[in-house]
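Chain by chain, the residues:
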Amino acid sequence: METELLRSYNQKLVERLEARVRELTLANAQLQDLDRMKDQFLATLSHELRTPLTSLLGYLELFDRGMLGPLTPQQEEAVRVMRRSSEVLARQLNNLLYFQEVRSRSLNFVQLQPLDILRPLIAAARERAAQAQLQFEVLLSEMQPIEVDRSAFEHLVRNLLDNAFQYTEPGGRVRFIVRDEPTRLIIRVEDTGIGIPAGEQEKIFLPFYQVDHSLARGHPGSGLGLAIVRHIVEAHGGQIALRSAPGEGSAFTIAIPRRQVAGG
Ligand code: ADP
């Protein structure tokens with residue numbers, strides 16, 4: 001009698017568990033669908049916005065360089081503000097797009113001379129430093145070729161430089177240091193900017209996380225830049241370190257290991 005009861009109880013339990021598993025499987029499939037739709041939505045949105053924004057940026061640059069005729073000082077200032085805002089927008093879009101892309105693909109390692117990637121980034125940074133009235137110092141050592149994912153490597157350096165410029169007030173200094181070591185390439189970006197409180201230094205590498213600088217000054221951003229940087233560094237088997245103090249500045253140091261080439 002007791003065994004009978006136990007069996008029927010067990011049977012009910014199994015049925016309930018099976019029903020629950022079916023529900024969870026369905027919910028899981030729905031979540032995966034939603035996740036795919038979200039990725040698709042973000043990718044479409046970013047692509048659709050990027051094309052018109054690129055042409056807007058192109059024309060604003062022509063105006064800014066005086067190539068479309070003379071501007072009054074007031075117009076010059078207005079164009080400069082428009083250009084800066086569009087650049088912020090472009091950066092956010094790029095990060096959004098890149099965040100989607102870099103998580104869903106594997107790295108494509110190629111051997112390249114780091115300077116080929118760094119030179120144009122340094123040139124753009126010099127221009128930006130002049131505009132923002134910041135000192136920009138570059139210290140480079142001789143560099144051997146290294147195996148990295150070209151676009152990821154470029155994205156990583158650009159993001160660190162962008163942040164240094166974005167979070168440093170006029171009159172400050174940004175320093176870009178690259179040191180070649182036998183087993184790794186060290187990239188260091190230092191600034192004398194607003195700095196990051198100790199309690200925030202881990203969190204800034206999380207996706208969409210931004211320090212609340214609202215008391216200091218509004219800094220538009222997506223909070224994705226450093227999440228991407230960390231992802232790229234780790235995907236290269238490297239490390240990232242941060243030293244920062246509020247009001248004094250920040251230094252991000254990245255080490256990218258040289259990959260062992262078979263037979264080499
Ligand atoms: P975003 O700059 O788009 O907000 P990031 O992921 O690049 O996103 O950075 C996350 C947060 O880390 C920023 O909101 C900012 O508060 C802080 N941060 C990043 N770089 C610096 C820096 N060089 N100086 C001060 N704060 C920084």
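Calculation criteria
- Residues numbered from 1 in each chain as written.
- Predicted model: local features only at pLDDT ≥ 70, side-chain atom pairs only at ≥ 80, totals over all residues.
- Heavy atoms only, no water.
- Patch = residues over 30% accessible without salt bridge, like charges linked within 9 Å, V, L, I, M, F, W, Y side chains within 5 Å.
- Areas by Shrake-Rupley, 256 points an atom, 1.4 Å probe, with all protein chains shown as cover.
- Salt bridge = Lys/Arg side-chain N within 4 Å of Asp/Glu carboxyl O.
- Helix = DSSP H or I, 4+ residues; strand = E, 2+ residues; numbered from the N terminus.
- Phe/Tyr/Trp six-rings, centres within 6.5 Å; stacked < 30°, edge-to-face > 60°.
- Buried < 20%, exposed > 50% of the residue type's maximum accessible area, 1.4 Å probe, protein only.
- Lys NZ or Arg CZ within 6 Å of the ring centre and 35° of its normal.
- Contact = heavy atoms within 4.5 Å.
- Core = buried A, V, L, I, M, F, W, Y, C linked by side-chain atoms within 4.5 Å.
- Axes fitted to C-alpha atoms, helices over the stretch in contact; angles between N-to-C directions.
- Parallel < 35°, antiparallel > 145°, perpendicular 65-115°, else oblique.
- Left-handed = near helix turned anticlockwise from the far one by under 90°.
- Nonpolar A, V, L, I, M, F, W, Y, C, P; charged D, E, K, R; others polar.
- Pairing = 2+ DSSP bridges.

## A word on a nonpolar patch on the surface
(1) Moving on: Together, Leu31, Leu34 and Met37 give the surface a local cluster of nonpolar side chains, amounting to about 340 Å² of exposed area.
(2) Moving on: Its place among the elements puts Met37 in helix α1 (residues 2–64).

## A word on the packing of aromatic side chains
Each pair of aromatic rings is reported with the distance of its centres and the angle of its planes.
(1) Moving on: Counted according to the given criterion, the structure contains three aromatic pairs.
(2) Moving on: Between Phe205 and Phe252, the aromatic rings sit 6.3 Å apart at their centres with planes inclined by 75°, giving edge-to-face as the arrangement. Taken together, the residues Phe205 in the loop between β5 (184–191) and α5 (225–235) and Phe252 in strand β7 (residues 249–257) connect sequence positions 47 residues apart. The pair formed by Phe205 and Phe252 is uniform in burial state, with each residue classed as buried.
(3) Moving on: Taking the ring centre of Phe99 as reference, the NZ or CZ of Arg103 above it sits at 4.1 Å.
(4) Moving on: The ring centre of Phe109 lies 3.6 Å from the NZ or CZ of Arg259, which sits over that ring.

## Some words on the environment of Ile232
(1) Moving on: Here Ile232 is to be found in helix α5.
(2) Moving on: In contact with Ile232, other than residues within four places in its own chain, are Tyr98, Val102, Ala152, His155 and Leu156.

## Some remarks on the nonpolar core
(1) Moving on: Core analysis: the largest hydrophobic core is formed by 46 residues, its most contacted members being Phe136, Phe153 and Phe176.
(2) Moving on: Every element with two or more residues in this core is listed here: α2 (73–104), α3 (114–131), β3 (146–149), α4 (150–166), β4 (173–180), β5, α5 and β7.
(3) Moving on: Of the residues forming this core, the biggest block, eight residues, is contributed by α4.
(4) Moving on: Look past the residues within four positions of Phe136 in its chain and what remains in contact with it is Ile122, Ala125, Arg126, Ala129, Leu161, Phe165, Val174 and Phe176.

## Things to note about the packing of α4 against α5
(1) Moving on: At a minimum axis separation of 9 Å, α4 and α5 run at an interaxial angle of 140°. Compared by their axis directions, α4 and α5 come out oblique. Read as a crossing pair, α4 and α5 show a hand that is left-handed. Residue-level inspection shows Ala152, His155, Leu156, Asn159, Leu160 and Asn163 of α4 in contact with α5, the latter providing Gly225, Leu226, Ile228, Val229, Ile232 and Val233.
(2) Moving on: Looking at the contact of α4 with α5 residue by residue, the classes come out as eight nonpolar, four polar and no charged.

## A look at the sheet that holds β5
(1) Moving on: Read from one edge of the open sheet, five strands run β2-β4-β5-β7-β6, paired in mixed fashion. Pairing within the sheet leaves two strands with one partner each, and these edge strands are β2 (135–140) and β6 (239–245). In this sheet, neighbouring strand axes are inclined to one another by 10° on average, regardless of whether the strands run parallel or antiparallel.
(2) Moving on: Sheet analysis places β5 next to β7, joined by eight bridges and oriented antiparallel. Residue Val189 lies in a different strand from β7, and its bridge partner there is Phe252.
(3) Moving on: Against the sheet, α3 touches β2, β4 and β5, its axis set at about 165° to β2.
(4) Moving on: In the packing of α4 onto the sheet, contacts are made with β2, β4, β5 and β7, and the angle to β5 comes to roughly 20°.

It is worth stressing that arrangement in space is one thing and function is another; only the former is reported here.
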